[in-house]
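Each chain is listed here by its residues.
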Amino acid sequence: EGVWRISKLGVSVHEDPGKDFLGVSEALLKEIAKVLEFPVASMLPPEAFNVVRKSFDARKFQKEAKFVYTVDMDAHKLLTLEPRTEEFITELEPKHGHLEILHNDTISGDLTSMIHGNRNIDEDASLGEDVNKFSTTTKKPKVVVVGSGPSGLFASLVLAEVGADVTLVERGQAVEQRGRDIGALVVRRMLQLESNFCFGEGGAGTWSDGKLVTRIGRNNSSVLTVLKTLVQFGAPNSILVDGKPHLGTDRLIPLLRNFRQYLQELGVTIRFGTRVDDLLVKGEHVVGVKISDSKGNIESSCQKLEYDAVVLAVGHSARDTYQMLLSHNVDVSRKDFAVGLRIEHPQELINNIQYSELSSEVQRGRGKVPVADYQVAQYVNGKYKDTLSNLEPISHGCYSFCMCPGGQVVLTSTDPTELCVNGMSFSKRSSRWANAAIVVTVSSKDLEALNFHGPLAGVQFQRALEQKAAMMGGGNFVVPVQTVTDFLDNKLSVTSIPPSSYRLGVKAANLHELFPIHITEALQRAISIFDKELPGFVSESGLLHGVETRTSSPIQITRRNDTWESTSHKGLYPVGEGAGYAGGIVSAAVDGMHAGFSVAQQLGLYDSTI
Ligand code: FAD
């Protein structure tokens with residue numbers, strides 16, 4: 001009886017039907033039979049098994065590349081369908097790392113089912129009757145959520161589901177208009193200051209690779225809840241199973257439309273093209289916001305809006321909002337972040353490095369094995385040669401970040417005098433290029449040594465690098481580039497610059513001029529070491545693009561552990577990446593979800609957190 005989880009079932013690439021098949025193949029049944037010590041694999045009914053995780057493992061030290069599965073076995077179903085398995089099943093013992101009894105608490109549902117019991121999201125046209133279940137007040141508390149990135153969307157969803165009167169304010173545009181604005185940027189070099197790769201519906205991750213991997217762990221129940229909620233809004237079921245799930249921009253856009261529609265059905269007022277310019281503060285209490293349309297016109301009729309709670313989910317690029325917080329003495333502290341360059345290689349080269357002869361199976365995302373990615377990290381010693389008189393060796397982490405297989409390099413500037421880049425892809429990951437950030441950590445101590453002071457020192461440093469990159473590119477969003485070999489040799493790439501996926505043009509420049517020396521040296525050393533792990537990484541076809549600065553927020557808007565309110569101001573709830581509590585789509589969504597429950601609890605709408 002019960003459900004058993006069977007892990008680490010390896011099926012060779014040749015026997016497996018391929019990356020898109022998520023069912024139970026004959027080859028997988030053979031592996032299951034081995035773990036169960038059941039002699040005849042073909043007698044095992046596939047219906048009794050459910051694939052819960054499938055990853056591709058092509059690490060070099062193993063004999064052959066394989067798909068690695070985790071499978072849940074319904075013992076009752078198995079015994080009903082094939083009674084001859086009884087003597088094997090009844091005597092099953094947990095085996096470390098391979099076989100365990102699954103407890104119910106490891107299974108979680110989507111957010112709506114979780115809040116309202118196990119009802120299907122489609123049945124939830126009217127949630128009015130459920131609201132009273134949680135509510136201890138008669139008047140609906142009013143909450144404004146600032147920012148419609150993953151954290152703001154999930155905070156809004158929770159709050160609307162438990163019965164708050166939610167207004168979601170977003171400075172950027174809805175995905176339809178945002179798509180046109182991004183098109184105008186990529187084709188006609190017209191940067192809309194408020195509707196671009198960072199600002200707009202869905203936040204910074206909409207025109208992205210949509211990677212849903214997170215360091216908080218795939219089996220964390222909050223992560224599962226977020227993923228299941230994304231499935232409710234149209235993400236494919238495979239994200240629940242795939243070891244490295246990703247959506248791609250083409251899947252994110254319709255998903256966000258469904259999310260928006262559902263929020264509106266719940267009664268959420270969504271105001272695109274509306275920016276929060278100021279907080280309404282009484283004593284140490286935030287009681288509302290001051291808004292303008294994103295062109296800076298203050299709307300006379302609704303200039304100041306009062307709310308019972310303000311959820312601040314503004315992301316890492318809301319530099320004006322950070323400045324505004326300081327003007328109210330909101331507690332803001334510096335946080336470590338990272339800066340560097342975006343490296344791009346031909347995807348075929350990365351496939352060859354990672355898969356050798358198997359690379360023919362990739363077929364630009366349509367083949368049996370996934371388009372190859374990589375992840376590298378290294379600690380390297382450096383010195384502050386340029387600013388400190390005492391030269392102490394200091395260790396810096398240097399690592400690859402936000403790798404986009406089959407993707408393209410995109411412009412993430414929010415100001416025409418600044419230039420920074422990132423990467424995106426579509427669901428098939430079928431472009432000819434592979435890009436990733438290669439970044440070096442920047443600590444508070446680094447910033448002091450570089451003469452950047454105050455809570456927004458990190459923002460000033462980011463901005464200085466971005467302005468330099470813009471100048472080195474010569475303007476018009478042209479990106480300064482250098483081949484990785486020339487970067488290691490500290491010389492300009494004059495003869496031949498390999499093609500780049502970046503659409504607004506590239507210009508040869510010596511990227512050493514961009515950074516303080518210790519960052520350049522850390523990048524040089526780490527890249528040379530990465531080449532040992534990924535032979536061919538340092539090649540003339542590897543092109544470095546400047547500059548990658550917005551990897552995460554350089555600040556933390558500190559909050560209390562118990563109420564999630566700002567440590568300085570009641571009624572203000574800083575969440576997500578911009579507040580320094582998340583890094584990536586899923587962790588931001590998880591943070592927004594938890595914040596939603598916390599706010600609901602403070603407002604008497606919900607009586608326990610998840
Ligand atoms: P954001 O998503 O940044 O959302 C903040 C929102 O607030 C924005 O829409 C902004 O317009 C709005 N806003 C800001 N200030 C105001 C204001 N004053 N008034 C009103 N609205 C305001 N992460 C991954 O996990 N996987 C990936 O593949 C991935 N790829 C990425 C690719 C790109 C090109 C970029 C830029 C980022 C990528 N990221 C990725 C990072 C990911 O997008 C962020 O970690 C995530 O979006 C953070 O969510 P958030 O809700 O905290 O903030």
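Residues numbered from 1 in each chain as written. Predicted model: local features only at pLDDT ≥ 70, side-chain atom pairs only at ≥ 80, totals over all residues. Heavy atoms only, no water.

**Re the pairing of strand E13 (residues 337–346)**
(1) Moving on: Most of E13 sits out of view: nine of its ten residues are buried.
(2) Moving on: Where E13 lies against strand E21 (residues 543–548), four bridges are found, and the strand directions are antiparallel. Paired with Arg342 across the two strands is His545, which belongs to E21. (Buried < 20%, exposed > 50% of the residue type's maximum accessible area, 1.4 Å probe, protein only. Helix = DSSP H or I, 4+ residues; strand = E, 2+ residues; numbered from the N terminus. Pairing = 2+ DSSP bridges.)

**Let's talk about a negative patch on the surface**
(1) Moving on: Residues Glu86, Glu87, Glu91 and Glu93 make up a contiguous surface patch of negative charge.
(2) Moving on: By the secondary structure assignment, Glu86 is in helix H3 (residues 86–89).
(3) Moving on: By relative accessible area, which is 45% here, Glu86 ends up partly exposed. (Patch = residues over 30% accessible without salt bridge, like charges linked within 9 Å, V, L, I, M, F, W, Y side chains within 5 Å. Areas by Shrake-Rupley, 256 points an atom, 1.4 Å probe, with all protein chains shown as cover. Salt bridge = Lys/Arg side-chain N within 4 Å of Asp/Glu carboxyl O. Lys, Arg positive; Asp, Glu negative; His and termini not counted. Charge placed at Lys NZ, Arg CZ, Asp CG, Glu CD.)

**Quick word on the site of the ligand**
(1) Moving on: Lining the immediate surroundings of the ligand are 37 residues, of which Ser151, Glu170, Glu577, Gly584 and Ile585 lie closest.
(2) Moving on: Contacts to the ligand include Arg171, whose backbone N or O atom sits 3.1 Å from a nitrogen atom.
(3) Moving on: Within the backbone of Ile585, a nitrogen or oxygen atom sits 2.7 Å from an oxygen atom of the ligand.
(4) Moving on: Coverage of the ligand by the protein chains reaches 96% of its 990 Å² of free accessible surface.
(5) Moving on: Elements supplying a minimum of two residues to the shell around the ligand: helix H6 (150–161), strand E8 (274–282), strand E17 (421–425) and helix H16 (585–602).
(6) Moving on: Among the elements that make up the shell around the ligand, the one with the highest residue count is E8 (three residues). (Near = heavy atom within 4 Å. Polar contact = N/O pair within 3.5 Å; in protein donor to acceptor, adjacent residues only side chain to side chain.)

**Some details on the sheet that holds strand E10 (residues 304–306)**
(1) Moving on: The three strands are arranged E8-E9-E10 in an open sheet whose pairing can be described as antiparallel. Each having just a single partner strand, E8 and E10 make up the two edges of the open sheet. Between one strand and the next, the sheet's axes are offset by a mean angle of 30 degrees, whatever the strand orientation. (Axes fitted to C-alpha atoms, helices over the stretch in contact; angles between N-to-C directions.)

**Some details on the sheet that holds strand E5 (residues 142–146)**
(1) Moving on: As summarised here, the arrangement of the five strands in space is E7-E6-E5-E11-E23, forming an open sheet in which the pairing is parallel. The open sheet is flanked by strand E7 (269–271) and strand E23 (572–574), the only strands paired with a single partner. Between one strand axis and the next, the sheet turns by 15 degrees as a mean value, whatever way the strands run.

**Considerations on a positive patch on the surface**
(1) Moving on: A cluster of like positive charges, contributed by Arg251, Arg364, Arg366, Lys428 and Arg432, occupies part of the molecular surface.
(2) Moving on: With respect to the helices and strands, Lys428 occurs in the loop between E17 and strand E18 (433–442).

**Points about the domain arrangement of the protein**
(1) Moving on: Annotation of the protein at the domain level lists domain 1 (3–106), domain 2 (111–333 + 555–602) and domain 3 (336–548).
(2) Moving on: Between domain 1 and domain 2, the buried area comes to about 590 Å², and carbon and sulfur atoms account for 49% of it.
(3) Moving on: Applying the counting criterion to the domain 1 and domain 2 interface returns zero salt bridges.
(4) Moving on: Counting across the domain 1 and domain 2 interface gives three residue pairs in polar contact (both at pLDDT 80 or more).
(5) Moving on: Here the residues of the side of domain 1 that touches domain 2 sort into three nonpolar, two polar and two charged. (Domains from an automatic or database assignment. Buried area = accessible area lost by both parts, 1.4 Å probe. Nonpolar A, V, L, I, M, F, W, Y, C, P; charged D, E, K, R; others polar.)

**Things to note about the pattern of salt bridges**
(1) Moving on: By the definition in use, this model includes 29 salt bridges.
(2) Moving on: With its nearest N and O atoms 2.5 Å apart, the salt bridge here joins Glu194 to Arg171. In this pair, Glu194 sits in the loop between helix H7 (175–188) and helix H8 (221–232) while Arg171 sits in the loop between strand E6 (165–169) and H7, placing the two residues 23 residues apart along the sequence.
(3) Moving on: With its nearest N and O atoms 2.6 Å apart, the salt bridge here joins Arg275 to Glu194. Here Arg275, found in strand E8, pairs with Glu194, found in the loop between H7 and H8; they are 81 residues apart in sequence, far enough to count as distant. Take Arg275 and Glu194: they sit in the same class, and that class is buried.
(4) Moving on: Through salt bridges with shared partners, one network takes in Arg171, Glu194, Arg275, Asp277 and Asp320.

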